[in-house]
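# Topology and contacts: notes
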Amino acid sequence: MQITQLRLNDFRNYTSAELSFCEGINFIQGHNGQGKTSVLEAIYFLCLSRSFKTQDDTTAIRFEMPYFDIEGRFRTSSLEMSVRTICHRTEGKSVLIDKKRLDRLSELVGKFPSVVSSPEDVQIVSGSPGNRRRWIDIALSQMHGVYLKDLQEYRQALRQRNALLNSPVIRSDNLDVWDKELAQTGAKIIRRRIDFLKSFSGLAEQVYRQIAADKETVDMEYKSSIAGSEILSGWTEAGSTEKIQKIFLEQLRFGREREIQRKLSLFGPHKDDVVLLLNKKSIRDYGSQGQLKTMAIALKFAEFLYMADRLEQKPLLLLDDVFSELDWDRRTHLMNYLENAGQVFLTSADEGMKFDTQKTIRYFSVEEGRFLEQG
């Protein structure tokens with residue numbers, strides 16, 4: 001899959017722009033704050049109807065403008081189509097595929113798979129559990145529509161249950177109903193996450209070692225809020241979803257008084273975490289800045305390889321300023337991965353950088369929202 005054209009109107013610092021891309025590596029260079037990252041952000045919007053930079057979509061609207069309007073032409077092995085995203089400050093956001101408006105934004109997820117690596121990704125490694133949950137949820141939602149459906153149902157049940165916990169009068173029979181709903185859907189989410197980590201961790205270690213040119217070990221552990229780690233080992237066996245659901249229900253009953261006091265749901269996949277280990281130690285607690293940066297990049301490259309192996313098409317690979325803080329050897333190792341990638345978008349503030357690659361590469365420079373293709 002590839003995006004051949006991109007149109008921007010009142011998006012970030014772009015008043016209006018139309019861009020064409022090659023099917024290989026599109027290398028965008030320029031000083032910070034000129035609009036390099038905004039191109040990647042716009043493509044990500046078209047793929048997932050959301051930004052990788054902010055939780056508030058309206059911040060991407062150009063200053064004092066009422067809305068942004070972006071559109072891209074996508075090409076797969078069998079067809080070509082347009083995707084358009086419009087975001088109003090007051091009217092919300094809408095997505096159109098070939099001029100047909102989607103009833104739900106979630107319908108877009110998985111149609112145009114993409115993986116983005118940016119400096120903010122270090123928060124996946126060193127930040128709060130919410131960053132790691134968000135990373136794994138986006139990856140799994142693009143590969144498995146049923147996971148996204150389960151996630152939406154779980155969040156709806158969680159909202160209803162939290163509303164009940166926050167009400168003046170709490171009836172136990174009503175809480176029992178939402179306990180069952182939460183456990184049933186949450187067990188499927190937990191099972192899918194554990195399955196993913198089990199098959200993904202070895203790939204992440206392989207990528208980390210090749211980027212770092214080192215033999216450090218990488219492990220991943222799923223830390224559940226409903227049970228101790230000693231129980232998790234059997235949670236990928238046959239019938240384990242039912243087992244997780246049973247444990248989940250038991251935890252909800254055991255912790256009911258505590259949740260009523262806190263007026264909040266305290267147990268479930270919305271409270272779980274993924275522990276990233278380097279040489280058997282928590283990289284969040286003991287990793288150097290270089291190790292944190294390398295792990296963040298390795299997770300995203302491994303995610304790309306994992307998705308490409310399981311989907312019928314290679315995802316778009318969006319690499320925002322991944323060269324910063326990496327020496328030339330590690331940059332070269334990164335570029336070697338791109339030989340087997342599909343379409344790649346790469347930004348860098350280091351102007352004039354050139355690479356010897358077998359893959360088609362097109363160089364762009366950007367200044368104050370204006371693009372110029374380099375020779």
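This section reports on the structure supplied with the text. (Residues numbered from 1 in each chain as written. Predicted model: local features only at pLDDT ≥ 70, side-chain atom pairs only at ≥ 80, totals over all residues. Heavy atoms only, no water.)

What follows covers the state of the cysteines. Under the criterion given, the structure shown has zero disulfides. Looking at Cys-47, it has no disulfide partner, and the nearest cysteine sulfur is the one in Cys-22, 16 Å off. Residue class for Cys-47 comes out buried when judged on its relative accessible area of 0%. Cys-87 carries a free sulfur, and the closest cysteine sulfur to it, the one in Cys-47, is 17 Å from it. For Cys-87, a relative accessible area of 2% gives the class buried. (Disulfide = S-S within 2.5 Å. Buried < 20%, exposed > 50% of the residue type's maximum accessible area, 1.4 Å probe, protein only.)

Before going further, it helps to spend a moment on the pattern of salt bridges. Scanning all chains against the criterion turns up 26 salt bridges. The closest approach of N and O atoms between Asp-69 and Arg-84, which form a salt bridge, is 2.6 Å. One end of the pair, Asp-69, is in strand S4 (residues 67-75); the other, Arg-84, is in strand S5 (residues 80-88), and 15 residues separate them in sequence. You can call Asp-69 buried: its relative accessible area is 7%. The exposure class of Arg-84 is partly exposed, given its relative accessible area of 30%. For the salt bridge of Asp-195 with Arg-191, the shortest nitrogen-to-oxygen distance reads 2.9 Å. Of this pair, Asp-195 and Arg-191 both sit in helix H5 (residues 172-212), four residues apart, which is roughly one turn of that helix. A single salt-bridge network, built from bridges that share partners, covers Arg-161, Asp-176, Asp-179, Arg-256 and Glu-259. (Salt bridge = Lys/Arg side-chain N within 4 Å of Asp/Glu carboxyl O. Helix = DSSP H or I, 4+ residues; strand = E, 2+ residues; numbered from the N terminus.)

Moving on, we get to the sheet that holds strand S10 (residues 273-278). Strands sit in the order S9-S10-S11 across an open sheet of three strands; the sheet is antiparallel. Strands with a single pairing partner mark the edges of an open sheet, and in this sheet they are strand S9 (218-223) and strand S11 (281-282). As judged from the six bridges shared by S9 and S10, these two strands associate in the antiparallel manner. Looking across to S10, one finds that Asp-219 is bridged to Leu-277. (Pairing = 2+ DSSP bridges.)

This brings us to H5. Largest kink in H5: about 35°, centred on Phe-200. Looking one or two residues past H5, Ala-213 carries a phi angle of roughly 55°, positive in sign. (Bend = angle between axes of the 7 residues up to and from the residue.)

On to the side chain of Gln-2. As for its placement among the helices and strands, Gln-2 is situated in strand S1 (residues 2-11). Look past the residues within four positions of Gln-2 in its chain and what remains in contact with it is Glu-23, Arg-73, Phe-74, Arg-75, Leu-316 and Gln-343. (Contact = heavy atoms within 4.5 Å.)

Under the defined criterion, the tally for this structure stands at 15 aromatic pairs. A network of ring pairs unites the aromatic residues Tyr-14, Phe-21, Phe-345, Phe-364 and Phe-371 as a single cluster. The ring of Tyr-286 is capped by Lys-281, whose NZ or CZ atom sits 5.7 Å from the centre of that ring. (Phe/Tyr/Trp six-rings, centres within 6.5 Å; stacked < 30°, edge-to-face > 60°. Lys NZ or Arg CZ within 6 Å of the ring centre and 35° of its normal.)

What follows concerns the pairing of S4. Regular strands have side chains that alternate between both faces of the sheet. Pairing geometry for S1 and S4, over seven bridges, is antiparallel. Note on S4: the bridge partner recorded for Leu-8 is Ile-70. In this sheet, S5 lies alongside S4 in antiparallel orientation, the contact comprising nine bridges. Bridged to Asp-69 within S5 is Ile-86.

Closest axis-to-axis distance for the helix H4 (residues 145-165)/H5 pair is 9 Å, and the angle between their directions is 150°. The orientation of H4 relative to H5 falls into the category roughly antiparallel. Considering how the two elements wind past one another, H4 and H5 form a crossing that is left-handed. Listed contacts from H5 to Val-146, Tyr-147, Asp-150, Leu-151, Glu-153, Tyr-154, Ala-157, Leu-158, Gln-160, Arg-161, Leu-164 and Leu-165 of H4 are Asn-174, Leu-175, Trp-178, Asp-179, Glu-181, Leu-182, Thr-185, Gly-186, Lys-188, Ile-189, Arg-192 and Arg-193. (Axes fitted to C-alpha atoms, helices over the stretch in contact; angles between N-to-C directions. Parallel < 35°, antiparallel > 145°, perpendicular 65-115°, else oblique. Left-handed = near helix turned anticlockwise from the far one by under 90°.)

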